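# Report on the structure
Letter by letter, the chains look like this.
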Amino acid sequence: VRFFSAPAMAASAFLTFLIGRRLFDDRTGLWAMGVLATSLMGVYLGFAAMLDAVLLFTVTLSIWAYVEMTMRPGRALLMTAIFGTGLYLSLLAKGPVGPAVVITTVAASWLILPAAQRIPFRQGLGLAAVSLLALGAFLGWAIPADRASGGDLMAEGFGTHVFGRALAPMEGHGGSGPIGYTLTLPAYVPFLLLGFFPWIIHLPAALRGFAAGTVGD
């Protein structure tokens, strides 16, 4: 059960290198890969018997394909297919979590990038088409599987463990009620910082360099 976490984390690290190299240079890609692979949370997920590392791989695969489309338009057809494959696999891994991250990333980049650097409109339609195709392929498995489980797949797998966890605290995590739940969300910040240990110690200097425009130096 633990086996799949290790190669999935390794593949995520390699894709992170490819993204960093494409957006910046080889050195940046290597550092990005190293930070992900050696952060406390990355190491933990690489050993854990959970689907989080697999989900990370599928999400990173789709984002890498999108970056390649943006930076190298000549590979748009192949990257569109890889983008859709990543979305489909992310749906199999953890339902709507993966597409929510990927689609939000694509939409944010579309708003941030100058018009000249955005992917052409027809390629955007291609991404929308393969996203719907990925959803259809997923439902082609999920609907029969839900029937075979007597409805437990949708009720428990998605209703409780995906949507329920997103809307209310479970298993003693978070305060009670909407207000209590919201007020306890900052408690996750230390765990987020701990997950990126030891590299998190460089965050203040990185933020100062970003503000000063000297990150590349």
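Anything mentioned here points back to the structure above.
Residues numbered from 1 in each chain as written. Predicted model: local features only at pLDDT ≥ 70, side-chain atom pairs only at ≥ 80, totals over all residues. Heavy atoms only, no water.

## A look at the environment of V106
Assignment of secondary structure puts V106 in helix α6 (residues 97-112). For V106, a relative accessible area of 17% puts it in the buried group. A C-alpha to C-alpha distance of 7.6 Å links V106 and Y66, two positions 40 residues apart in sequence. With residues up to four places along the chain from it excluded, the contact list for V106 reads Y66 and F83. (Helix = DSSP H or I, 4+ residues; strand = E, 2+ residues; numbered from the N terminus. Buried < 20%, exposed > 50% of the residue type's maximum accessible area, 1.4 Å probe, protein only. Contact = heavy atoms within 4.5 Å.)

## Focus on the packing of aromatic side chains
For the coordinates displayed, the defined rule picks out 4 aromatic pairs. Ring plane angle 35° and centroid distance 6.1 Å describe the contact between F14 and F17, whose orientation is recorded as tilted. With a gap of 3 residues between them, F14 and F17 both fall in helix α1 (residues 5-23), about one helical turn apart. Measuring from ring centre to ring centre gives 5.9 Å for F138 and W141, while their planes differ by 45°; the resulting arrangement is tilted. Of the two residues, F138 and W141 are both situated in helix α7 (residues 121-148); the distance of 3 residues between them amounts to about one turn of the helix. With relative accessibility at 5%, the residue F138 sits in the buried group. Since its relative accessible area comes to 40%, W141 is described here as partly exposed. The cationic tip of R118 hangs over the ring face of W110; the distance from NZ or CZ to the ring centre is 5.1 Å. (Phe/Tyr/Trp six-rings, centres within 6.5 Å; stacked < 30°, edge-to-face > 60°. Lys NZ or Arg CZ within 6 Å of the ring centre and 35° of its normal.)

## Things to note about helix α3 (residues 40-47)
Within the sequence span of α3, burial applies to G42, L45 and G46. Projected down its long axis, α3 carries its buried residues within an arc of 105°, all on one side. The secondary structure elements touched by the buried residues of α3 are α1, α2 (26-38) and α4 (52-71). (Arc of directions from axis to C-beta.)

## Details of the environment of L127
For L127, the position within the fold is in helix α7. Residue class for L127 comes out buried when judged on its relative accessible area of 6%. Linking L127 and F83, residues 44 residues apart in sequence, is a C-alpha distance of 7.4 Å. In contact with L127, not counting residues within four places along its chain, are Y66, M69, T80, F83 and I119.

## Thoughts on the layout of surface pockets
Rolling a probe over the atoms, with the probe sized like a water molecule, indicates the empty space that remains. What the second largest pocket holds in volume is close to 270 Å³. Along the walls of the second largest pocket sit L23, I63, Y66, V67, T70, M71, T105, A108, S109, I112, L113 and Q117, which together make up its complete lining. When residues of the lining of the second largest pocket are assigned to their parent elements, the largest contribution, 5 residues, is made by α4. The residue makeup of the lining of the second largest pocket, split by class, is 8 nonpolar, 4 polar and no charged. (1 Å grid on protein atoms, 1.4 Å probe; cavity = no way out; pocket = protein on both sides within 12 Å on 5 of 7 lines; lining within 4 Å. Points joined across faces, edges and corners; volume = space filled by probe spheres on them. Nonpolar A, V, L, I, M, F, W, Y, C, P; charged D, E, K, R; others polar.)

## As for unusual backbone geometry
The residue after F197, namely P198, is reached through a cis peptide bond having omega 5°. Structurally, P198 is set in the loop between α10 (189-195) and α11 (203-212).

## Here we look at the side chain of T58
By secondary structure assignment, the location of T58 is in helix α4. The residues touching T58, leaving out its near neighbours within four places in the chain, are G86, L89 and S90.

## Topic: the pattern of salt bridges
Evaluated as defined, the whole model comprises 3 salt bridges. A salt bridge links K94 to D52; the shortest N-O distance between them is 3.4 Å. Taken together, the residues span a long stretch of sequence, with K94 in helix α5 (residues 76-94) and D52 in helix α4 at a distance of 42 residues. The exposure class assigned to K94 is partly exposed, which follows from its relative accessible area of 32%. Of the charged contacts, one joins E68 and R75 as a salt bridge, the two residues approaching to 3.0 Å between their closest N and O atoms. Exposure remark for E68: the relative accessible area of 2% places this residue in the buried category. Of the residues examined, R75 reaches a relative accessible area of 27% and is grouped as partly exposed. A network of salt bridges, in which partner residues are shared, links R22, E68 and R75. (Salt bridge = Lys/Arg side-chain N within 4 Å of Asp/Glu carboxyl O.)

The values reported here are purely geometric and, on their own, carry no functional implication.
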